[in-house]
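As a plain string of letters, each chain reads:
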Amino acid sequence: MKVVMVGPYPEPGAQVAGGVERVIDTLLPVLARAVDLTLVVPGASCDAESTNYGVRTVYLKRGPGPGSMRYWTFDAHRLARAIEGLKPDIVHLQDVAGVGRLIRGPAIFTVHGIIDRDLVSSGRGNVWGPLLRRGMAHVMRIVESRGRNRIGNVILINPYVLEAQPDIGRLRTFAIPNPVDPAFFETVGQSSVRERRIISVGNIGPRKNILEVLRVAACLMKQDTSLTLVICGKSVDDAYQQKCLDLIRSEGLESRISLPGNLAALDLLRLLDKSSCLLMASRQETAPVAIAEANARGVPVVAPQSFGIKHMVVPGRNGFFLPAGDLDTQASVLRRALEHDWDRAGIAKEAQQNYDVRRIAEMTISAYGDVLGASH
């Protein structure tokens, strides 16, 4: 079976960042052992080729203009020409459907984000103003809906996808969760005693709501002088990052809060092993890989009872829900998570059952076969 996967991936020399890149990076070596696989990366800075895990990786230079306009226009035309030359049996689109709207032949699409909601909650396009940004989000919602319907086959990584995009219920769907890098399941520590360290994983910007993470942690730090916080992620908004730094400085917490940037998988793994819990306050999520990775290391999660998160956290078993409300109430839940006697080995075991890449690769290949069988 000849498969072309399409989605975001770091350019040569760059490090994997973000949930979708991490998912593709985890799937590549496992899928490549079973199918003839090529990865195509639209929206790159230049045309290029490389090899990752023995998989030919083709980078297509992005078109002009903002990404919200070019991905379904210029980039879609370039992708269609590239796919025509590769002649795959099936195309697997990861992340956005609009970029594949001109592809002919069997295809399947994995929804990783609710792109119009992501745009509004991320604050991207602030230079346009809120009215124009919402207008652009409306256009993208239509583009994605038409793209999904044209493809006709959708992988659901979380039940929230159907809640947010009910039109998908009319299509052929396959419930397949995101995988976690197998390294996260190796030699999980059994100790229930951890440093009083909170970890947050996500880009520093409005969608991940890092300012609220800081405020909740800072509120508890006033009562607990041993508590520290590490925020792992790259800045996607310079002005927003400055607000975060100003808050840390105003609270006098420079020595207790660190921002090391985007971490490689093994570095994140080691940090999780030294942390008590993951704190998340996102304004929009689908199926955060950060939660799956934290649970894989036996680390519980404190996160909103919203979006796809509500389908990933079972209170008292692998985390607690962060309530909406005042900081004192939120800080009390965080304190409860730090003091709770977690079954960390149990959390890790359940995560491995849910996010094992070999099982997920088998399910994905089975979905490919189903799509190809239906297309004949």
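Shown above is the structure to which this text applies.
Here goes a summary of the coordinates provided. Predicted model only: the values in this text are computed from it and were never measured.

### Things to note about the overall build of the chain
Looking only at helices and strands, the chain features 13 helices and 14 strands. Each of the three principal axes of the chain carries a C-alpha extent, and together these read 65 × 45 × 40 Å. Here the chain holds 376 residues, and 56% of them are scored as buried. When contacts within the chain are restricted to residue pairs at least 6 apart in sequence, those whose partners lie at least 24 apart make up 66%. Accessible surface computed for the chain: about 16100 Å², of which carbon and sulfur atoms make up 51%.

### Describing the environment of Q94
With respect to the helices and strands, the residue Q94 is situated in strand 5 (residues 90-95). With a relative accessible area of 3%, Q94 lands in the buried category. Sequence separation of Q94 and H376 is 282 residues, and the distance between their C-alpha atoms is 24 Å. Within the structure, Q94 has its side chain in polar contact with the side chain of H112 (distance 2.5 Å).

### Description of helix 7 (residues 210-221)
Taking 1.5 Å as the rise per residue, helix 7 with 12 residues should run 16 Å; its terminal C-alpha atoms sit 16 Å apart, in good agreement. Counting buried residues in helix 7 gives 10 out of 12 residues, a clear majority hidden from the surface. Among the residues making up helix 7, those that are buried are I210, L211, V213, L214, V216, A217, A218, C219, L220 and M221. On its buried side, helix 7 packs onto strand 9 (197-201), strand 10 (228-232), helix 8 (238-250), strand 11 (257-258), strand 12 (277-279) and helix 11 (327-339).

### Looking at the nonpolar core
Of all hydrophobic cores here, the largest spans 97 residues; its most connected members are L79 and L93. The residues contacting L79, other than those within four sequence positions of it, are V6, V40, L60, L93, V99, G100 and I103. Listed in part, the 34 residues of the second largest apolar core include L220, I231, Y240 and L279.

### Thoughts on the packing of aromatic side chains
Under the counting rule described, the total for this entry stands at 2 aromatic pairs. A ring pair is formed by Y160 and F307, whose centres lie 6.2 Å apart and whose planes are at 70°; its orientation type is edge-to-face. Note that Y160 is positioned in helix 6 (residues 160-164) and F307 in the loop between strand 13 (301-304) and strand 14 (319-322), a separation of 147 residues in sequence. Assigned by exposure class, Y160 and F307 land together as buried. Here the aromatic rings of F320 and W342 are separated by 5.1 Å at their centres, their planes lie at 55°, and the arrangement is tilted. Of this pair, F320 sits in strand 14 while W342 is found in the loop between helix 11 and helix 12 (344-355), placing the two residues 22 residues apart along the sequence. In this structure F320 comes out as buried when scored by relative accessible area, which is 4%. On the basis of relative accessible area, W342 is assigned to the buried category, the value being 4%. The ring of F320 has R336 sitting right over it, with the charged end atom 4.1 Å from the ring centre.

### Some details on the sheet that holds strand 6 (residues 107-111)
Across the sheet, which stays open at both edges, the 8 strands sit in the order 3-4-2-1-5-6-7-8 with mixed pairing between neighbours. Looking at the sheet topology across the chains shown, the edges are occupied by strand 3 (48-52) and strand 8 (172-175). Ignoring strand direction, the axes of neighbouring strands in this sheet form an average angle of 25°. Note that strand 2 (residues 36-44) and strand 4 (residues 55-61) share 5 bridges and pair parallel. The residue of strand 4 that forms the bridge with V40 is V58. Along the sheet, helix 13 (residues 357-375) contacts strand 1 (2-6), strand 5, strand 6, strand 7 (153-156) and strand 8; its crossing angle with strand 8, the most-contacted strand, is approximately 165°.

### A closer look at helix 1 (residues 19-31)
The end-to-end C-alpha separation of helix 1 is 18 Å, in line with the 18 Å expected for 13 residues at 1.5 Å each. Where burial is concerned, most of helix 1 is hidden: 11 out of the 13 residues are buried. Residues of helix 1 that are buried include every one of V20, E21, R22, V23, I24, D25, T26, L27, L28, V30 and L31, and no others.

### Details of the pattern of salt bridges
In total, this model carries 16 salt bridges according to the counting rule given. With a shortest N-O distance of 3.5 Å, D370 and R172 are connected by a salt bridge. Of the two residues, D370 sits in helix 13 while R172 sits in strand 8, which places them 198 residues apart along the sequence. Overall, R172 belongs to the partly exposed group, its relative accessible area being 35%. With a shortest N-O distance of 3.1 Å, R249 and D246 are connected by a salt bridge. Here R249 and its partner D246 are both found in helix 8, 3 residues apart, which amounts to about one turn of the helix. Taking relative accessible area as the criterion, R249 reaches 46% and is therefore assigned partly exposed.

Reading guide: rules and limits
Residues numbered from 1 in each chain as written. Predicted model: local features only at pLDDT ≥ 70, side-chain atom pairs only at ≥ 80, totals over all residues. Heavy atoms only, no water. Helix = DSSP H or I, 4+ residues; strand = E, 2+ residues; numbered from the N terminus. Buried < 20%, exposed > 50% of the residue type's maximum accessible area, 1.4 Å probe, protein only. Contact = heavy atoms within 4.5 Å. Areas by Shrake-Rupley, 256 points an atom, 1.4 Å probe, with all protein chains shown as cover. Polar contact = N/O pair within 3.5 Å; in protein donor to acceptor, adjacent residues only side chain to side chain. Expected span 1.5 Å × (residues − 1). Core = buried A, V, L, I, M, F, W, Y, C linked by side-chain atoms within 4.5 Å. Phe/Tyr/Trp six-rings, centres within 6.5 Å; stacked < 30°, edge-to-face > 60°. Lys NZ or Arg CZ within 6 Å of the ring centre and 35° of its normal. Pairing = 2+ DSSP bridges. Axes fitted to C-alpha atoms, helices over the stretch in contact; angles between N-to-C directions. Salt bridge = Lys/Arg side-chain N within 4 Å of Asp/Glu carboxyl O.

What is shown is where atoms sit, not what they do.
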